[in-house]
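Structural overview
What follows is the residue order along each chain.
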Amino acid sequence: MQIKPIYIKNVTVFSEEDILENCALLLENGKISKIGIQEESNLPENVEFIDGKGKLVIPGFIDGHIHGANGADVMDATSTALDMMTEALPWEGTTSFLATTITQAPENIDKALEAVAVYENKPGQAEVIGVHLEGPFIEKTKAGAQPHAFIKEPDRQQFERWQHLSGNKIKTITMAPEHDPDGTFIKYLTEQGINVSAGHTAAGFSEIKQAVEHGVRQITHLCNAMNGIHHRDIGTVGAAFMLQELRAELIADGIHVSQKMLELIYQNMGSKRLMLITDAMRAKCLQKGQYELGGQPVEVTEGRAVLEDGTLAGSILKMRDGAKQMLEIEGVTIKEVIEMTSVNPAKQLNLYHRKGSIAVGKDADLLLVDRDLHITCTICRGEVAFREE
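So, a few notes on the structure that sits alongside this text. Chains are numbered independently. Their residues run from 1 in the order of the written sequence. pLDDT decides what is reported in this predicted model: residues at 70 or higher carry local features, side-chain atom pairs at 80 or more are listed and counted, and totals for whole chains, interfaces and linings draw on all residues regardless. Excluded from the side-chain calculation are hydrogens and water; included are all heavy atoms of the structure.

**Notes on the packing of helix H8 (residues 319-327) against helix H9 (residues 334-348)**
In this analysis, axes come from line fits to C-alpha atoms, helices being fitted only over the stretch in contact, and the angle between any two N-to-C directions falls in the range 0 to 180 degrees. In DSSP terms, a helix is any run of H or I states spanning at least four residues, a strand is any run of E spanning at least two, and both are numbered starting from the N terminus. At a minimum axis separation of 10 Å, H8 and H9 run at an interaxial angle of 135°. For the element pair H8 / H9, the angle class is oblique. Classified by chirality, the crossing of H9 by H8 is right-handed. Contact residues: H8 offers Met319, Ala323, Met326 and Leu327, while H9 offers Ile334, Val337, Met340 and Thr341. Under the scheme applied here, ten amino acids are nonpolar (Ala, Val, Leu, Ile, Met, Phe, Trp, Tyr, Cys and Pro), four are charged (Asp, Glu, Lys and Arg), and all others, including Gly, are polar. For the contact of H8 with H9, the per-class residue count stands at seven nonpolar, one polar and no charged. Angles below 35 degrees are treated as roughly parallel, those above 145 as roughly antiparallel, those between 65 and 115 as roughly perpendicular, and all remaining angles as oblique. The hand of a helix crossing depends on one turn: near helix anticlockwise from the far one by less than a right angle means left-handed, and clockwise means right-handed. In what follows, residue pairs with any heavy atoms lying within 4.5 Å of each other are defined as contacts.

**So, the state of the cysteines**
A pair of sulfur atoms, both from cysteines and within 2.5 Å, is called a disulfide here. Following the criterion strictly, the structure yields zero disulfides and no others. The thiol sulfur of Cys23 is not disulfide-bonded, and the nearest other cysteine sulfur, from Cys377, lies at 16 Å. Taking relative accessible area as the criterion, Cys23 reaches 2% and is therefore assigned buried. Summary of cysteine pairing: Cys380 is not part of a disulfide, and the nearest cysteine sulfur, belonging to Cys377, is at 9.5 Å. Cys380 gets classed as buried once you look at its relative accessible area, which sits at 1%. Here the term buried applies to any residue with accessible area under 20% of the maximum for its type, exposed to any over 50%, and partly exposed to those in between, with areas from a 1.4 Å probe on protein chains only.

**Things to note about the side chain of Asn224**
Counting through the fold element by element, Asn224 comes out in the loop between strand S13 (218-219) and helix H6 (235-242). Asn224 sits in the buried class, given a relative accessible area of 14%. Within polar-contact distance, the side chain of Asn224 engages the backbone oxygen of His256 at 3.1 Å. In contact with Asn224, not counting residues within four places along its chain, are Ile251, His256 and Val257. Think of a polar contact as two N or O atoms within 3.5 Å of one another; within protein, one of them needs to be a possible hydrogen donor and the other a possible acceptor, and neighboring residues in sequence only count if both atoms come from side chains.

**So, unusual backbone geometry**
With the exception of glycine, the majority of residues adopt a negative phi angle, and the majority of peptide bonds are in the trans configuration. Cis geometry marks the peptide bond from Gly135 to Pro136, where omega comes out at 5°. In this structure, Pro136 sits in the loop between strand S10 (127-134) and helix H3 (156-165). Despite not being glycine, Asn29 has its phi angle at roughly 55°, a positive value. Tracing the chain through its elements places Asn29 in the loop between strand S2 (19-28) and strand S3 (31-36).

See the structure below:
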């Protein structure tokens with residue numbers, strides 16, 4: 001299907017190279033074809049005009065860790081569920097994401113991966129760019145909302161089966177590296193191009209340092225389901241601060257990590273090593289009430305989702321709100337937010353050649369926002385996916 005070209009004018013563009021004022025963009029065939037001065041001659045036929053009225057154009061958000069939204073969950077294992085997510089996410093600025101599984105019975109993970117393997121991304125909706133396999137190779141004492149009954153030791157044969165079922169779409173895996181002390185499994189995953197993330201782990205600093213030597217390059221939802229900083233062992237959190245090879249996911253909702261801790265993390269890691277995620281579950285975009293995550297009952301109250309015992313069960317955070325939370329930190333500008341929401345996730349997933357920044361030839365995943373990050377329009381691969389009425 002032919003995508004109608006779009007010409008966006010009267011905007012400030014946060015391009016890959018610079019901040020361009022009084023600028024215009026031409027989008028053709030889902031890509032950014034021109035960036036520069038406003039010139040309306042020689043435009044393609046049937047072009048759609050968007051007057052930005054002085055707004056900012058920034059790259060669309062990439063959520064590398066999300067379980068569900070709008071009443072749907074990746075573990076529902078249906079194209080309908082994925083459609084519900086891809087339709088809802090542009091409203092909060094997310095233009096692409098990793099469909100994230102949870103520790104569950106192997107046959108349930110099978111079905112979820114098979115659903116992603118055959119899913120066809122739709123025009124004008126957020127793009128499923130792969131799978132984040134969260135568990136089941138994790139530490140039981142740091143399981144959080146991951147069901148204990150299905151946690152298992154690292155298993156190369158099982159992973160290979162799941163990767164085959166997914167159509168080779170598993171891009172990130174969360175695992176506890178202390179369960180692979182010689183690094184055999186981590187090294188194998190790294191050789192396969194998998195982004196290995198330490199999470200749901202009881203590893204201390206030395207174990208994380210060793211895991212980095214084996215190939216770990218990411219920390220899953222920093223501070224949550226891991227050892228914090230202690231004066232005798234600075235743990236996984238301290239390792240994230242000190243080891244420059246690592247990027248870290250961050251749930252910036254003020255609940256999973258307090259505002260002061262967000263500030264401390266930013267002071268120690270900066271914008272180039274942080275990646276904002278939502279870790280959201282199906283209740284995002286819905287009312288308070290009773291829901292489900294990985295077969296477990298979840299109660300959603302004001303701003304949070306919890307299991308029956310009070311354990312946090314993912315979040316109901318919207319990416320735009322996490323970005324706004326970080327923008328409140330002293331020294332954080334929109335440029336730094338772009339690094340944390342777009343540039344870093346794209347680089348971490350080896351997608352920076354086509355996503356994560358505004359440059360000619362890249363996917364036209366764009367947001368029109370004001371300086372408070374209020375979104376007025378979301379464009380997914382060259383098509384308007386959300387427009388404020």
